[in-house]
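Read off the chains here:
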Amino acid sequence: MNSEFDVNQTMQPVDGTPPRWNRKEAEAIYGMPFNDLLFLAQTIHRQNFDRNRVQLSRLLNIKTGGCPEDCGYCSQSAHYETGVKASKLVDVKHVIDEAAKARDGGTTRYCMGAAWRSPKERDMDVVVAMIEGVKALGMETCMTLGMLDLEQAARLKQAGLDYYNHNIDTSERYYGEVISTRTFADRLETLGHVRAVGMKVCCGGIVGMGEEKTDRIDMLVTLANLPEPPESVPINMLIPIEGTPLAAADAIDPIDFVRIVALARVMMPKSYVRLSAGRTAMSDETQALCFFAGANSIFVGDTLLTADNPGEDKDSLLFQRLGIEPMELATQ
């Protein structure tokens with residue numbers, strides 16, 4: 001098959017609207033010879049982004065543990081004995097102080113996550129103050145607080161929140177194998193509320209949870225076929241957490257992981273594709289291939305919620321070796 005011709009035809013609809021994808025088309029791209037896939041993804045990446053700049057984001061856990069959801073990968077679920085203790089919501093000053101340190105270290109986007117099923121009304125004033133404080137530092141803001149109703153989404157938007165993160169995690173077919181306390185449709189409903197109030201969407205998933213290749217592809221098909229594709233697409237490699245149902249999951253093959261990153265870039269050419277959880281298990285060579293495949297955002301810092309993350313010194317050395325520079329806020 002003439003993969004390049006088929007892909008170009010699919011990516012350029014006559015009326016300029018985002019293309020509609022199906023699994024067959026996505027599988028054809030995913031299965032291209034590796035060099036051809038990387039060349040295609042890098043070509044598309046260069047058409048939409050600076051090829052040698054990567055966005056630096058930092059994630060702060062503003063409320064740890066005790067989550068009532070039973071996500072099979074999560075150390076913060078109250079269903080599992082993982083050693084993570086539940087905490088209260090942190091104070092606003094701590095969040096702003098940490099955000100200022102991150103900004104001074106070159107981070108342009110600050111993400112805040114709470115281990116909730118959904119935020120309670122009593123917590124909304126504090127959450128709003130966090131958003132306003134971080135925005136005042138000149139940074140992009142992102143939050144992940146679980147499910148939102150329309151009123152909550154509107155309040156976060158009014159406070160100045162730029163992005164809301166709510167991952168679909170995997171395909172609709174495999175979703176029930178990982179989570180039973182909320183549905184795939186629940187995830188999509190929250191994304192709809194976020195879009196309805198005019199916020200940007202950060203939405204991706206996790207690979208290496210025992211899913212099949214088609215589940216990974218279907219996850220990206222779902223994201224690319226949303227009324228508007230997410231502006232930010234985090235691709236997480238499962239970090240097996242002792243005490244969770246997925247603690248013994250087999251690791252995904254690095255080449256398969258790079259293929260998923262490349263497919264995300266091809267299917268969502270204008271989105272930031274973020275290497276998120278799991279980078280501590282990736283070699284420098286795997287990360288370099290991911291950047292070539294179109295990944296252009298990472299989380300920096302020593303921890304990612306409750307899991308280890310490569311330190312900033314290690315990331316800085318890798319960037320120097322690859323000739324990559326941090327993205328400036330003005331270029332986003």
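Residues numbered from 1 in each chain as written. Predicted model: local features only at pLDDT ≥ 70, side-chain atom pairs only at ≥ 80, totals over all residues. Heavy atoms only, no water.

Asks: Would you mind going over the overall build of the chain with me for this structure?
Replies: The helix and strand inventory of the chain stands at twelve helices and twelve strands. Looking at the chain as a whole, 54% of its 332 residues are labelled buried. Long-range pairs, those at least 24 residues apart, make up 74% of the contacts in the chain between residues at least 6 apart in sequence. Total accessible area on the chain stands at roughly 14500 Å², and carbon and sulfur atoms take up 50% of it. (Helix = DSSP H or I, 4+ residues; strand = E, 2+ residues; numbered from the N terminus. Buried < 20%, exposed > 50% of the residue type's maximum accessible area, 1.4 Å probe, protein only. Contact = heavy atoms within 4.5 Å. Areas by Shrake-Rupley, 256 points an atom, 1.4 Å probe, with all protein chains shown as cover.)

Asks: What exactly am I supposed to notice about the environment of Val127 here?
Replies: Tracing the backbone through its elements, the reader meets Val127 in helix H5 (residues 121-136). Judged by relative accessible area, which is 0%, Val127 ranks as buried. Ignoring anything within four residues of it in the chain, the contact list for Val127 reads Trp116, Met143, Leu145 and Leu156.

Asks: What am I meant to see in the confidence of the model for the chain here?
Replies: Interpretation of the predicted coordinates at a detailed level should be avoided for regions scoring low in pLDDT. When pLDDT is averaged along the chain, the result is 89, and 90% of the positions lie at 70 or above. Within the chain, helix H10 (residues 254-267) carries the highest mean pLDDT (98), whereas helix H1 (residues 3-11) carries the lowest (47). Across residues 1-7, where pLDDT falls below 50, the model places six contacts with residues more than four positions away in sequence or in other chains. (pLDDT = per-residue confidence, 0-100.)

Asks: Just checking my understanding: could you explain helix H3 (residues 34-48) for this structure?
Replies: Two residues of an α-helix separated by three or four positions point the same way, owing to the 3.6 residues in each turn. Over its 15 residues, H3 extends 21 Å from the first C-alpha to the last, a length consistent with the 21 Å expected when each residue adds 1.5 Å. For H3, the set of buried residues is Phe34, Leu37, Leu38, Leu40, Ala41, Gln42, Ile44 and His45. (Expected span 1.5 Å × (residues − 1).)

Asks: What is the right way to read the pairing of strand S3 (residues 140-144) from this model?
Replies: Put simply, side chains in a regular strand alternate between the two faces of the sheet. Within S3, four of the five residues are buried, which leaves the element mostly enclosed by the surrounding structure. Assessed by its sense of winding, the connection that carries the chain from strand S2 (residues 109-114) through H5 to S3 is right-handed. Note that S3 and strand S4 (residues 163-165) share two bridges and pair parallel. Counted as the bridge partner of Met143 is Tyr164 from S4. Each parallel crossover has a hand, and the one from S3 via helix H6 (residues 150-159) to S4 is right-handed. (Right-handed = clockwise from strand over helix to strand, strands pointing away. Pairing = 2+ DSSP bridges.)

Asks: I keep staring at the packing of aromatic side chains and nothing clicks. Help me out?
Replies: Aromatic rings considered in pairs are described by the distance between their centres and by the relative angle of their planes. Summed over all chains, the structure comprises three aromatic pairs. Ring geometry for Tyr175 and Phe184: centres 5.6 Å apart, planes at 75°, overall edge-to-face. Phe184 matches Tyr175 in its accessibility class, with the two residues each being buried. One cation-aromatic arrangement involves Arg109 over Tyr163; the distance from NZ or CZ to the ring centre is 3.8 Å. Above the plane of the ring of Tyr30 lies Arg259, whose end atom (NZ or CZ) is 5.8 Å from the centre. (Phe/Tyr/Trp six-rings, centres within 6.5 Å; stacked < 30°, edge-to-face > 60°. Lys NZ or Arg CZ within 6 Å of the ring centre and 35° of its normal.)

Asks: Quick question: what am I supposed to make of the environment of Gly192 here?
Replies: Its location among the elements puts Gly192 in helix H8 (residues 184-196). Here Gly192 falls in the partly exposed class, since its relative accessible area comes to 37%. Distance from Gly192 to Leu226, taken between C-alpha atoms, is 9.3 Å for residues 34 residues apart in sequence.

Asks: Just checking my understanding: could you explain the packing of H5 against H6 for this structure?
Replies: When two helices pack together, their arrangement is given by the angle between the helix axes and the distance between those axes. Running from N to C, H5 and H6 cross one another at 25°; their axes reach a closest spacing of 9 Å. What the angle tells us is that H5 and H6 run roughly parallel. Classified by chirality, the crossing of H6 by H5 is right-handed. Residues Glu121, Met124, Asp125, Val127, Val128, Ile131 and Glu132 of H5 pack against Gln152, Arg155, Leu156 and Ala159 of H6. (Axes fitted to C-alpha atoms, helices over the stretch in contact; angles between N-to-C directions. Parallel < 35°, antiparallel > 145°, perpendicular 65-115°, else oblique. Left-handed = near helix turned anticlockwise from the far one by under 90°.)

Asks: It is not clear to me how helix H4 (residues 92-104) should be interpreted in this structure. Could you clarify?
Replies: Compared with an ideal rise of 1.5 Å per residue, which puts 13 residues at 18 Å, H4 spans 18 Å between its outermost C-alpha atoms and is within 8% of the ideal. Of all the positions in H4, only Val95, Ala99, Ala100 and Ala102 are classed as buried. Along the axis of H4, the buried positions cluster into a sector of 160°, meaning they face one direction only. Along H4, exposed side chains directed more than 90 degrees from the buried face belong to Lys93, Lys101 and Asp104. Each element contacted by the buried residues of H4 is listed here: strand S1 (53-63), S2 and H5. Capping the start of H4, Asp91 holds a side-chain oxygen 3.2 Å from the backbone nitrogen of Lys93, two or three residues further along. Downstream of H4 by one or two residues, Gly106 has phi in the positive range, about 105°. (Arc of directions from axis to C-beta. Polar contact = N/O pair within 3.5 Å; in protein donor to acceptor, adjacent residues only side chain to side chain.)

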